[in-house]
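Structural overview for review
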Amino acid sequence: MTQSAFAQPKERRDAPPPTLAAEHMSKRFGPLLALDDVSFTLRPGTFHALLGENGAGKSTLVKCIMGFYQADSGRVVVGDSDVMVNNPRDAQRYGIGMVYQHFTLVENMTVAENLVMARAEVPAFIDWKKEEQAIEAFMSGMPFRVPVRKLARQLAAGEKQKLEILKQLYLGSKIIILDEPTSVLTPQEADDVLGLLREMTRRGELSVAIITHKFREVTAFADEVTVLRRGALAGSGKVSDHTPASLAELMVGSEPPSASLLRQSSEQGHVSLELHDVCADDDLGLPVLSKVSLKVRAGEILGIAGVSGNGQEQLVEVLAGQRLPSSGKVHVAGKPYSPTRTQIRESRVRLLPEAPLKNASVANMTVAENMGFRCFDEPGFTLGRWAVRRGRLRRKALKSIGEYKIKTPGPEALIGGLSGGNVQRAVLARELDGEVAVLIAANPCFGLDFAAVAEIRSRIVAARNSGTAVLLVSADLDEIFALSDRIVVMSEGALVYETPAEGANVAEIGRHMAGHHA
Amino acid sequence: MTASAVPGAVRGPEVEREGARALMLRAGAFLDGLVVPGAAVLVSVILFGGFVALAGANPVEVFEQMYRGAFGTWFSLQNSLQRAAPLMLTGLCTALPARLGLVVIGGEGALYVGGVAAAAVASHLTGSDPYTVLAFMAITSMIFGGLWIGTAGALRAKRGVNETISSLLLSYIGIAVCNHLIEGPLRDPQSLNKPSTLHIGDQNMLGPLPGLDVHYGLLYGIVACLICWLLMDHSIFGFAARIVGGNPRAARLSGLRVPRLMILVCAIAGAAAGLAGMVEVAAVHGKANASLAAGYGYTGILVAFLARHSPLGILPVALVLGGISASGGLLQRTCDLPDATVAVLQGILFVVMLASETYRGQVNWFSRLMVGSKGAVA
Amino acid sequence: MTDAATLGAWGVPLAVIGGALRVSAPFLFVSLGECLTEKSGRVNLGLEGTLVMGAMGGYGVSYLSGSPWLGVAAAGALGAVFGALHGFLCGRPRVNDIAVGIALMLLGVGLSFFLGKPLIQPTAPRLPSFSLGFWSDVPQVRSNLQINALLVFGILLAPGLRWALKNTRWGLIVRTVGESAEAARAMGYDVNRVRLLATMAGGVLAGIGGSFLSLFYPGSWNEGLSSGQGLMAVALVIFARWDPVRCLYASLLFGGASALGPALQSVGVTSGYYLFNAAPYALTLVIMVLSSSATKQSRDLPMELTVAR
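The following refers to the structure shown. (Residues numbered from 1 in each chain as written. Chains lettered and ligands numbered in written order. Predicted model: local features only at pLDDT ≥ 70, side-chain atom pairs only at ≥ 80, totals over all residues.)

Strand pairing in a sheet is mediated by backbone hydrogen bonds. Such pairs are either parallel or antiparallel. Residue and element names in this part refer to chain A. Strands sit in the order β12-β11-β14-β15 across an open sheet of four strands; the sheet is antiparallel. Unpaired on one side and paired on the other, β12 (287–297) and β15 (335–336) mark the two borders of the sheet. As paired elements, strand β14 (residues 327–332) and β15 share two bridges and run antiparallel to each other. Paired with V332 across the two strands is K335, which belongs to β15. Against the sheet, helix α10 (residues 312–320) makes contact with β11 (271–281), β12 and β14, and its axis sits at roughly 65 degrees relative to β12, the strand it touches most. (Pairing = 2+ DSSP bridges. Helix = DSSP H or I, 4+ residues; strand = E, 2+ residues; numbered from the N terminus. Contact = placed C-beta atoms within 7 Å. Axes fitted to C-alpha atoms, helices over the stretch in contact; angles between N-to-C directions.)

Ranked by size, the top nonpolar core spans 389 residues in total, and within it M88(B), L92(B), A269(B), A272(B), L275(B), I314(B) and L236(C) carry the most contacts. In terms of residue count, helix α10 (residues 258–285) of chain B provides more of this core than any other element does, 18 residues in total. Excluding anything up to four places from it in sequence, A272(B) contacts L89(B), L92(B), C93(B) and A224(B). (Core = buried A, V, L, I, M, F, W, Y, C linked by C-beta atoms within 7 Å. Buried ≥ 20, exposed ≤ 12 C-beta atoms within 10 Å, placed from the backbone.)

For the rest of this paragraph, the subject is the packing of helix α3 (residues 74–98) of chain B against helix α11 (residues 296–306) of chain B. Residue and element names in this part refer to chain B. The contact between α3 and α11 brings their axes to 7 Å, and the two run at 55 degrees. Classed by the angle they form, the pair α3 and α11 counts as oblique. Crossing hand, α3 versus α11: right-handed. Together, P86, L87, T90, G91, C93, T94, A95 and A98 of α3 and Y296, G297, T299, G300, I301, V303 and A304 of α11 make up the contact between the two elements. Taken together, the residues of the contact of α3 with α11 break down into nine nonpolar, six polar and no charged. (Parallel < 35°, antiparallel > 145°, perpendicular 65-115°, else oblique. Left-handed = near helix turned anticlockwise from the far one by under 90°. Nonpolar A, V, L, I, M, F, W, Y, C, P; charged D, E, K, R; others polar.)

What follows concerns the interface of chain C and chain B. Facing the 40 residues of chain C at the interface are 40 residues of chain B. Looking at the side of chain C that touches chain B, the elements with two or more residues in it are α4 (97–116), α10 (229–239) and α12 (273–291) of chain C. Looking at which element gives the most residues to the side of chain C that touches chain B, the answer is α4(C), with 13 residues. Looking at the side of chain C that touches chain B residue by residue, the classes come out as 30 nonpolar, seven polar and three charged.

What follows covers helix α5 (residues 130–159) of chain B. Residues spaced three or four apart along an α-helix point in a common direction, a consequence of the helix completing one turn every 3.6 residues. For α5(B), with 30 residues, the first-to-last C-alpha span of 42 Å sits near the 44 Å given by 1.5 Å per residue. Along α5(B), the sharpest kink reaches roughly 25 degrees, centred on G150(B). (Expected span 1.5 Å × (residues − 1). Bend = angle between axes of the 7 residues up to and from the residue.)

What follows covers the pairing of strand β21 (residues 486–491) of chain A. Residues and elements named next belong to chain A. Relative to β21, strand β13 (residues 301–305) runs parallel, the two sharing four bridges. Paired with L302 across the two strands is R486, which belongs to β21. Note: β21 against strand β22 (residues 494–500), six bridges, orientation antiparallel. Opposite V489, over in β22, you have Y497 as the bridge partner. The loop that links β21 with its antiparallel partner β22 comprises two residues; one of these, E492, has a positive phi angle of about 50 degrees.

To continue, consider the environment of G303(A). Residues and elements named next belong to chain A. Residue placement: G303 occurs in strand β13. By the C-beta count within 10 Å, which is 26 here, G303 ends up buried. As a C-alpha pair, G303 and E412 span 109 residues in sequence and 36 Å in three-dimensional space. The contacts of G303, once residues within four sequence positions are left out, are L472, S474, I480, L483, S484 and I487.

A few words now on the pairing of strand β8 (residues 207–212) of chain A. Residue and element names in this part refer to chain A. Summarising burial for β8: six of the six residues are buried, a large majority. Of the two faces of β8, the one carrying S207, A209 and I211 and the one carrying V208, I210 and T212 are both buried. Across five bridges, the pairing between strand β3 (residues 47–51) and β8 is parallel. Its bridge partner being in β8, L50 is matched across the sheet by I211. Pairing of strand β7 (residues 175–179) with β8, which is carried by five bridges, proceeds in the parallel orientation. What sits directly across from L178, in β8, is I210.

Given below as structure tokens:
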């Protein structure tokens, strides 16, 4: 059983952390080889960065170590012995704790309640005075502290992150793995938390591994680095042996991004989509987009690169009508635009959001119906502007199913039963139908296999070639390079860098993605 | 169907094959869809049989009497149809909002408010011809019923107030306010023991359907269900409503006005329940009094859930439940069971049907039979 | 002041206070039960049915056994059975807790009318009472301030429940399950089991609340005994922001509002009787509107709840 820090003999608390090694780990998800023979060693008292782009396999690797997934092959070694980790509780037993990207705190409970409930054994009656004193005593030995009586939801993001870390220390973890710990923190909070963790590793109290794609965090805090690229080990070693440029090369590859073969050089037309100082708040009412201004011309693909979670999702929601902007204007073809049905139709704006099942389809409606969301009330599909002509929707769907090679038992099958790639194709078919003036695509190929990726990308380029203005939001830099005419970088809710795609410098873009502007 | 109806619609042999396959799949899925509800009804019947046996009655005799009281004779069938009429309308009151993912249970109040409003209007139209009176009664009852449930929809859309609780509270408030009006301003001075509104006048009563002993209210119910079926299952309005109910994010992406749809659908639902009140006044009671709140609103909730919120499904379900409630009297007389027996059966049916949701979609015997064991293409 | 007539207008507030004490008891028990259930992340709209069932069962057992306290125990047991049914069904995949609540409400009411038919005539022993009006010679004061041990128990239960939710392992587990099923599962708790037990406990309280109706005030069994107290209690929990002590205050407020109509009637004001009867419903609705927001959720809302989306 896991025990709280207090229940352990003092020796174990003061003992140095053991070595953690994952050797030759492989993991396959269906057709996707997420992890390909990757080895990783976290030596005692080191601060280790796992670097890589989204989907490079970093999370898969640590989830295999933590027992969320079972690796197809490979082994986990703690200290001198092989260990079987079947679930995160097992990992806890070996002193390995993980801090997740999304907080696992119970928001409506106090800091003390969160800490006590994390223990394996909670007393039947809790003497809060005693517990709070014990927690205070524990925190006094820690480099940072959090107000014990505050509710978790009253804590700032940085404090929550600290509490998550404290929770692991309180449970006696010697090895702490943090998944993108700074993605929810301000730069100052990030420096604060990482700096304190580094001090603890320097004192030999702790080993720390962080998953990140920010070079700055690697160079400023980590002793060692392991770089993953497309599920495979791209390189590892001491951080001092690397430069940001060499890390960037390991992370995104050295070959120049392949220019799109399909792309025709086309005359760029008038400005189709224009954003003026668009600002928006997130669900908690905190500002998340700051004065985003951009222009996309007809026949142009503008790629927005950036680490996910920097406001891209909310930008797409604003354009989709799923979130109200707090200020700013959107113009389409020079006219003010708000995403009502009439305006969407008149301006011919289409949208391909990420997670299409969650954002753009109704799982318990049929494929044909889902493909008719845009057109069901158009004259060609109605009887007397009133009744939906299912036969026509069905025939239209049949045509698209053939054209876009959507694998479905038929147009009458529920779309919720289709695979992710096929839902994506169905939504793409719907959105690219007819003449499209503006297409907004968000991570359109996320999680898809090669064939689907190639297909969807060629469709987007074809739309561009026919004069559509495309705004491509993607966390995948390869995708941005493969498709874009022009690239802007989004960081912390603002557009911070712009360059033509031709001759764009990967390292320069990476630097801006990582928050190094100025 | 011609291929030229939609420009470029080509139906190759592959597509034809796909179509046939899909048809088989649909037929299989349809049959599969009947297995679970069928089993649920069977389980309910067994549970209810056990219950009445414990209560000292002979289950076989009870079922026999129920059938006799509901559908066994021409008279009882007509009685069941008469009771089915308001149930169709109150069933719509829960079924329509359910299409948007809203659970509305305030049909009883909307019925009462609609009935009292209709009676009040009739008393101001003395001297007009019956059709005018009835038309005004119907419209008034629908407006008031619609206002009632529409308010619940508006509170949900604009203020995020839970519509289940608010609709029921509005229902209680409506009943209390109407009771106040019946006691006071609307009271017929002649009604001594049981305060009522003025009688709408015999010439204004809804008569029986030609050749039947069932009043015209049944036609109202059937027509309302058909209209709502066309509206919800075939119109662009209903299509939009289904998108909202299925996924509000997708609805916003499609540019649909989610709050407006919520309010409108709730108002239509309330109008249906209000019309039920008018039917009860104009065809049964002739005036509005406390007997209007006879529980049709609550049974309507069950009707909607059993019909899986399909306006067409409501027609047979309302008839069955109307029959069950019509048989209550006979059970009381012949089996010496209390009139609440039918409420027990309804309750059991409701609970078992909801519990069976967990098995819904898990049965694919017929689909597999139809397309072989390969199953659906992923 | 020994002459009852001189009480005059003072009779109304006195009757309201007395009524509030008695009428609030069912609200109190049901809302505490619902509060506990909702803290675990489920909504049980079926407590109206449980309340009526408890009233009928309590009355019946009291009549048959001659012991009203045995009746209270039976009412609690019936509540546990209904709670278990709700908890079990909602633990199954794809079963909706709101709908099951509505179904159990109808089933509970139907069952109690069925089983309670023979109980309308006989008189069962009622719960013993004592008067808080011992200090006064005025009979109205004494009779209006009649209360009983069950009410005292309920009033003490409110702070007790608040304490238990904060200071016991069980309380913390219930809250964790209601706030984040995922976190609770990660800690190794069986979310469905916790919710089942919380719903059963809530049912016990609602059943006891029902026995108060039939065994103390109004103190008889008939089919019009409850008029939606069980459902109002659900709204009341939202108003009380999921805090047992605030449930107590809210119950007293609602009890007072419900007592207004009968109190006025008792002094001869009969004209707006029905309107005064609507007061608690209108009050509930107004409070719900005021305490809801289209854009942001109540901060105290258990995060797993769907009722106050």
